[in-house]
Amino acid sequence: MTRRHAQQPLIAALAVLLRPLARILLQHGLPCDVLSTVARQVYVRVATEEFALPGKKQTTSRVSILTGLPRKEVRRILTTPVAEDQEAADRYNRAARVLAGWLRDREFHDEAGEPAALPVDGNSASFGALVRYYSGDMPVRAMLDELLRVGAVRKTEDGRIRLQARFYVPAQSEADKLHILGTDTADLIATIANNLNPQATPRYQRKVMYDNVPVEAVQEFQRLSANRAQLFLEGIDSWLSQRDRDINPAVQGTGRKRVGISLYYFEDDVQISQAKD
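For clarity, every value in this text was computed on a predicted model and none was experimentally measured.

Re the overall build of the protein chain
The number of helices and strands found in the protein chain is 10 helices and two strands. The secondary structure elements of the protein chain, listed N-terminal to C-terminal, are α-α-α-α-α-α-α-α-β-β-α-α. The dimensions of the protein chain, computed from C-alpha atoms along their principal axes, are 70 × 55 × 40 Å. For the protein chain, with 277 residues in total, the buried portion stands at 23%. Partitioning the intrachain contacts of the protein chain with sequence separation of at least 6 by distance along the chain shows that 45% fall at a separation of at least 24. In the form shown here, the protein chain has an accessible surface area of approximately 20,900 Å², with 55% of it arising from carbon and sulfur atoms.

Below, the structure is given as structure tokens:
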């Protein structure tokens, strides 16, 4: 079997993977050469950082061989700043921690055990205290403005802050949504890549799908899946938060790992050619 023939399944998978991405790029007016430029940059940086020979420093010549790009192009890319949106990442992570803390920390709950409507200011049981505890040094007003902007909280008539959403979703910010496109998709692909490696410890990767469901059942399934997924994720969040050293400094252990689990809903129309006989 030739190398090209062995690569055909990967090339076919790449075509499927790129289709929804190409749709997003076209919707935002990005031509094909932009995708090509970014792909070249990523190829070079991954080859440089992850594919060096054991015990040897990576060379421009080897990166050129691995990527198929001229050495001059490799050198140019390596001197080009990496395009990252660290501001969006920080905003997302901090806002998510604040909402998660509000949900699980009894200090910020009412007598019924639900997230309380909090005064903006105060040393304890206030929105300000919540932000300072779970968001680090981000200004309280900036966090409040962000959560109001995305509809995660609202102000009551007496000026308190009430939780409206149980997870941070930047519903009104296209830039933040596009940031999630990068990070969440990258996590999924990294899990699949791990599971393609026979020597790696498998990571959980499952899905449930049926392709002959009537339209009338879709809304019911949307509600059912959202409710059950929410309960599951809240349980996972509670477990992990007790083992995260940013939230619980008393946790013992070595190293530092980023771990999590992601759920998502999908839906599309089945074309006649795809339907079963």
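Now that the structure has been shown, the text picks up again.
Some words on the environment of T59
Within the secondary structure layout, T59 lies in the loop between α3 (32-50) and α4 (60-67). With 12 residues separating them in the primary sequence, T59 and A47 have C-alpha atoms 9.9 Å apart.

Quick look at unusual backbone geometry
For residues other than glycine, phi is negative in most cases, and the peptide bonds are mostly trans. At A125, a residue that is not glycine, the phi angle is positive and equals roughly 50 degrees. Following the sequence through the fold, A125 ends up in the loop between α6 (86-104) and α7 (127-135).

A few points about α3
Here α3 contains 19 residues, and its C-alpha end-to-end distance of 27 Å stays within 8% of the 27 Å for a straight helix at 1.5 Å per residue. Among the residues making up α3, those that are buried are V44, R45 and A47. Here the buried residues of α3 occupy an arc of 165 degrees about the axis, which is enough to place them on one side. Of the exposed residues in α3, the ones pointing more than 90 degrees away from its buried face are C32, Y43, E49 and E50. Those residues of α3 that are buried are in contact with α4 and α5 (71-78).

Some thoughts on the nonpolar core
W102, F127, L130, M143, L147 and V153 are the most contacted members of the largest nonpolar core, which totals 26 residues. When contributions to this core are tallied by element, the ones reaching two or more residues are α6, α7, α8 (140-149) and β2 (161-163). Within the second largest apolar cluster, six residues are counted, among which are A47, V63, V74 and I77.

A closer look at the packing of α3 against α4
Contact geometry of α3 with α4 gives a least axis separation of 9 Å together with a crossing angle of 125 degrees. Considered as vectors, α3 and α4 are oriented oblique to each other. Two packed elements cross with a definite hand, and for α3 against α4 that hand is right-handed. Of α4, the residues touching α3 (which contributes Y43, V44, A47 and T48) are V63, L66 and T67. Residues that form the contact of α3 with α4 fall into these classes: five nonpolar, two polar and no charged.

Considering the side chain of Q58
With respect to the element layout, Q58 can be found in the loop between α3 and α4. Among the polar contacts made by the side chain of Q58, one reaches the main-chain carbonyl oxygen of A47 at a distance of 2.7 Å. One polar contact links the side chain of Q58 to the main-chain carbonyl oxygen of F51, over a distance of 3.2 Å. Setting aside anything within four residues of it in sequence, one finds Q58 in contact with A47, T48, F51, A52, V63 and L66.

A word on the packing of aromatic side chains
Inspection of every chain in the model, using the stated rule, returns four aromatic pairs. In this structure, R243 is placed above the aromatic ring of W239, and the distance from its NZ or CZ to the ring centre is 3.7 Å.

Conventions adopted
Residues numbered from 1 in each chain as written. Predicted model: local features only at pLDDT ≥ 70, side-chain atom pairs only at ≥ 80, totals over all residues. Heavy atoms only, no water. Helix = DSSP H or I, 4+ residues; strand = E, 2+ residues; numbered from the N terminus. Buried < 20%, exposed > 50% of the residue type's maximum accessible area, 1.4 Å probe, protein only. Contact = heavy atoms within 4.5 Å. Areas by Shrake-Rupley, 256 points an atom, 1.4 Å probe, with all protein chains shown as cover. Expected span 1.5 Å × (residues − 1). Arc of directions from axis to C-beta. Core = buried A, V, L, I, M, F, W, Y, C linked by side-chain atoms within 4.5 Å. Axes fitted to C-alpha atoms, helices over the stretch in contact; angles between N-to-C directions. Parallel < 35°, antiparallel > 145°, perpendicular 65-115°, else oblique. Left-handed = near helix turned anticlockwise from the far one by under 90°. Nonpolar A, V, L, I, M, F, W, Y, C, P; charged D, E, K, R; others polar. Polar contact = N/O pair within 3.5 Å; in protein donor to acceptor, adjacent residues only side chain to side chain. Phe/Tyr/Trp six-rings, centres within 6.5 Å; stacked < 30°, edge-to-face > 60°. Lys NZ or Arg CZ within 6 Å of the ring centre and 35° of its normal.

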